[in-house]
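# Examining the three-dimensional arrangement
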Amino acid sequence: MNQAETTTVLTFEDFKNEVLKDYKIATISRECSLLGRKEVLTGKAKFGIFGDGKEVPQLAMAKAFQNGDFRSGYYRDQTFMMAIGELTIQQFFAGLYGHTDINHDPMSAGRQMGGHFATHSLDENGHWKNLTKQKNSSSDISPTAGQMPRLLGLAQASKIYRNVAGIDTTNFSDKGNEVAWGTIGNASTSEGLFFETINAAGVLQVPMVMSVWDDEYGISVHARHQTTKENISEILKGFQRDKNNNGFEILRVKGWDYAELVATYEKASAIAREEHVPVLIHVQELTQPQGHSTSGSHERYKNEERLAWETKYDCVAQMRIWLLENSLATEEELLATESQSRAEVLEGKKAAWLAFVEPTKTEQAELVSLLTTIASTSDNKVFIDKIASDLATIKEPIRKEILSTARKVLRMIIKENNRVVLADWIQKYTRKIQPKFSGNLFSTSSQNIHSIKEVLPIYDETAEDVDARLILRDNFDTLFTKYPEVLVFGEDAGNIGDVNQGLEGMQEKYGELRVADVGIREATILGQGIGMAMRGLRPIAEIQYLDYLLYAIQIMSDDLATLQYRTSGKQKAPLIIRTRGHRLEGVWHSGSPMGMIINAVRGIHVLVPRNMTKAAGFYNTLLQTDEPALIVECLNGYRLKEKMPTNLAEFKTPIGIVETIKQGTDITLVSYGSTLRLVEQAAKELLEIGIDCEIIDIQSLLPFDIEKGILKSVKKTSRLLIIDEDVPGGASAYIMQQIIDEQNAYDYLDSKPQTLTSKPHRPAYGTDGDYFSKPSTEDIYEKIYEMMHESNPSKYPSLY
């Protein structure tokens, strides 16, 4: 424990001041909720979801929360954020309005609705701040229980930092003393992600404190429809640790009892921080004074008895009674505090609104002036003057109204000289404003993927052909030595060295914490990786097969892929996700749902190496970057022979760069992964009849061919075929869109660009199942031949 943060003895006066300070925060937070709802209902904000009714337990949590700790929470934790000094009144309302300036809405720069909180882990250059010197909140997401898997990883990082030697902990940990604090609503504990995380935390024994805010409802649905026995701590009793078994410490406390809450959270903090034991705190008898959100009223689903009880046991009201009963404040003092809180919230709201609308009003005035000038010489003067006047009368304009107006006027003056002036204004305005909504999907730091250049494998004269898995294994071995902060974990990754022996012997050499087996729980495998990556470690989360990624796709999509974007570049998680796939046997082990994946995980790089040397090169590249990626190794490539490089851990496969693996003149063939071997065989057979194919390995689906290598090939061959083992319209549709729309290859084609994909079903079992489900060598040969027949039927007569 940090010496500066150990408990000190307070005088009564100090204690009184501390308690009254807490009450002031509680009343400010409550007033923010009440006024925030009004701002939504009057149309100034789009939607509101607030933390009223949860104020007092969050004050208690904040007292136990120390520098270096992390929160992974629920979208009602505004009081907690205020109590740790990371949310002001003005910032609260800036978030409600959707202010796109990170200095006004530091939580997300207007990208998330209010109630979603984050602190800044990165400086203005995208590099790590010292996380041990600040109180940290990982960025919230809306999907219920979606914060749970990440929470597990945030807690596990402390265990790694405490127990693994050799890691530079500067900026990230003080001897592993940090606690990860989770919060969730009682109804959301019904989600599978909650149970999966609770089980995993009990197995791993990590310093995690999980608070369940229990107000008996999930939106309008009562707990009797949510939870067996209507009590989450009751049904989790089996997780309670005892003298013979590890598990959780489970605590219960009433959410309106300030003194008991403070004691409970201090106890939970000590257990988790010192013993690395997870704690569940079931905070019961809470209320939700304004209902779930601004989209409905709780009077519709709560009876009069429940509403009366909520009025009486409102936690702020109960804290007020406690202050009076214990002579900690007089009625006059509390009334003065409450009045001051209302005044401060009102002033903060006004300041936030003024800061939000003033830049837009300036832009509005600028366009009105321009339109007035344009109208003076336009044939459409009357109409443009009217449009300009209408725009000028909007008291509180939004940017949609400004840009939409300009674009409509542009149509009216398309044949006039002033068109150029207005078009230039529109383009400059768009370039200025669009990044406020679209920037920071990927890293912009000096460690992004574009900063890493290709380094080719080096082979000596005696380089022997080895099973390709050995290249991966020996490369991992070198990486683990080079980077003490690298660790890998997954199903069968530890003891047996993964199912294809790419980690053979690594656990014995580097220990069970760095090369670890985990349970069958893909979502929390991803969560472990996200949380640890957010705390400066370099985890490799292994999902055994590509098909199993579906269990984790929600976490990848909603959490990892959006992290840099939803924090406007203020948090990152450079997680590497390792899996293997393509062309195995049977419905559940041979899928290639790449189209689904690439469309769900924008914000994560998706890499599809054709062999293990290329895959190893991707790991080497990524460990020098600060961006997340998925690497799909070819499942049928581990036993194929490749030469062993001498520069292990040093050679690097470039990301976003295609490779031409065979030159040709007649047609461009584009593919990736295992299918490339079939493409190469078909091309070899076609060469025998005079068809010379150029073969391009995509290597990276996200990003895609940033140097437009495919376009250069199409310019030469004038024909294009995309071969993909995903379903029709899957990844092949994306690849086609990139080549035709983004690269404008259509201008250079002499025939229709085509795709050859699998059948629209999962592959059937066995060798025959693969042959009749996915593109075969014969399918590829005949498809290319058919395209050449179309262009030269006399030279290539129809096969059928």
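Quick look at the structure, then. (Residues numbered from 1 in each chain as written. Predicted model: local features only at pLDDT ≥ 70, side-chain atom pairs only at ≥ 80, totals over all residues. Heavy atoms only, no water.)

### A short note on the overall build of the protein
The secondary structure content of the protein amounts to 26 helices and 22 strands. Over its C-alpha atoms the protein spans a radius of gyration of 30 Å, differing by no more than 12% from the 28 Å that the globule rule assigns to 800 residues. Along the longest, intermediate and shortest principal axes, the C-alpha atoms of the protein span 100 × 85 × 45 Å. Relative to its 800 residues, the protein shows a buried fraction of 59%. Long-range contacts, defined here as pairs at least 24 residues apart, represent 79% of the contacts in the protein between residues at least 6 apart. When the accessible surface of the protein is totalled, it reaches about 32,300 Å², and 51% of it is carbon and sulfur. Seen as two clouds, the 88 positive and the 108 negative side-chain charges of the protein have centres 4 Å apart. (Helix = DSSP H or I, 4+ residues; strand = E, 2+ residues; numbered from the N terminus. Rg over C-alpha atoms; globule rule 2.2 N^0.38 Å. Buried < 20%, exposed > 50% of the residue type's maximum accessible area, 1.4 Å probe, protein only. Contact = heavy atoms within 4.5 Å. Areas by Shrake-Rupley, 256 points an atom, 1.4 Å probe, with all protein chains shown as cover. Lys, Arg positive; Asp, Glu negative; His and termini not counted. Charge placed at Lys NZ, Arg CZ, Asp CG, Glu CD.)

### So, the sheet that holds strand 17 (residues 659–662)
If you trace the five strands from one edge of the open sheet to the other, you get 17-19-18-21-22, paired in mixed fashion. At either margin of the open sheet sits one strand with a lone partner, and together these are strand 17 and strand 22 (754–756). Each strand of the sheet is rotated relative to its neighbour by a mean of 30°, with strand direction disregarded. Direction of pairing for strand 18 (residues 667–671) relative to strand 19 (residues 693–697): parallel, over a ladder of five bridges. (Pairing = 2+ DSSP bridges. Axes fitted to C-alpha atoms, helices over the stretch in contact; angles between N-to-C directions.)

### Describing the packing of aromatic side chains
Evaluation of the coordinates by the stated rule reveals 26 aromatic pairs. Both rings, one in Phe-704 and one in Tyr-734, keep their centres 5.8 Å apart while their planes meet at 80°; by these two values the pair is edge-to-face. A residue pair is termed long-range when its members are at least 10 positions apart, and Phe-704 in the loop between strand 20 (700–702) and helix 23 (709–717) and Tyr-734 in helix 24 (residues 731–742) qualify at 30 residues. Across the pair, Tyr-734 and Phe-704 agree in class, each one buried. Plain terms: the ring middles of Tyr-781 and Tyr-785 are 6.5 Å apart, the flat faces sit at 5° to each other, and that makes the pair stacked. With Tyr-781 and Tyr-785 both in helix 26 (residues 777–791) and four residues apart, this pair spans about one turn of that helix. For Tyr-785, a relative accessible area of 9% puts it in the buried group. In this structure an aromatic cluster arises from ring pairing among Phe-50, Phe-92, Phe-93, Tyr-97, Trp-353 and Phe-356. (Phe/Tyr/Trp six-rings, centres within 6.5 Å; stacked < 30°, edge-to-face > 60°.)

### Here we look at the pairing of strand 7 (residues 249–254)
Where strand 7 meets strand 8 (residues 279–284), six bridges bridge the pair, whose relative direction is parallel. Its bridge partner lying in strand 8, Ile-250 is registered against Leu-280. Taken together, strand 7, helix 8 (residues 258–275) and strand 8 form a β-α-β motif whose crossover is right-handed. (Right-handed = clockwise from strand over helix to strand, strands pointing away.)

### A word on the pattern of salt bridges
Opposite charge on two side chains permits pairing when their charged atoms draw close. Tallied over the entire structure, the rule returns 51 salt bridges. Across the pair Asp-467 and Arg-639 runs a salt bridge whose closest N-O atoms are separated by 3.7 Å. With Asp-467 in strand 9 (residues 465–467) and Arg-639 in the loop between strand 15 (629–634) and strand 16 (641–643), this pair connects stretches of sequence that are 172 residues apart. Overlapping salt bridges, with partners in common, bring together Asp-498, Glu-542, Arg-578, Arg-580 and Glu-633 in one network. (Salt bridge = Lys/Arg side-chain N within 4 Å of Asp/Glu carboxyl O.)

### A word on the nonpolar core
By size, the foremost hydrophobic cluster in this structure holds 126 residues, and its most contacted members are Met-594, Leu-701, Ile-735 and Ile-739. In terms of residues, this core owes the most to one element, helix 5 (residues 147–163), which gives eight residues. Counting 63 residues, the second largest nonpolar core, distinct from the first, contains Ile-25, Ala-62, Tyr-97 and Met-107. (Core = buried A, V, L, I, M, F, W, Y, C linked by side-chain atoms within 4.5 Å.)

### Let's talk about helix 5
End to end, helix 5 covers 25 Å across 17 residues, agreeing with the expected 24 Å (1.5 Å per residue, within 8%). Burial analysis of helix 5 places 14 of its 17 residues in the buried class, the great majority of the element. (Expected span 1.5 Å × (residues − 1).)

### Describing empty space enclosed by the protein
In the structure shown here, the tally under the stated rule is four cavities of 30 Å³ or more. Considered as a void within the structure, the largest cavity measures approximately 90 Å³ in volume. The wall of the largest cavity is formed by 16 residues, among which Phe-92, Gly-95, Gly-114, Gly-115 and Phe-117 lie closest to the centre. Among the residues making up the lining of the largest cavity, the classes are represented as eight nonpolar, seven polar and one charged. Taken together, Leu-441, Phe-442, Ser-443, Leu-560, Ala-561, Leu-563, Gln-564, Ala-573, Gly-603, Glu-627 and Pro-628 make up the full set of residues lining the second largest cavity. For the lining of the second largest cavity, the per-class residue count stands at seven nonpolar, three polar and one charged. (1 Å grid on protein atoms, 1.4 Å probe; cavity = no way out; pocket = protein on both sides within 12 Å on 5 of 7 lines; lining within 4 Å. Points joined across faces, edges and corners; volume = space filled by probe spheres on them. Nonpolar A, V, L, I, M, F, W, Y, C, P; charged D, E, K, R; others polar.)

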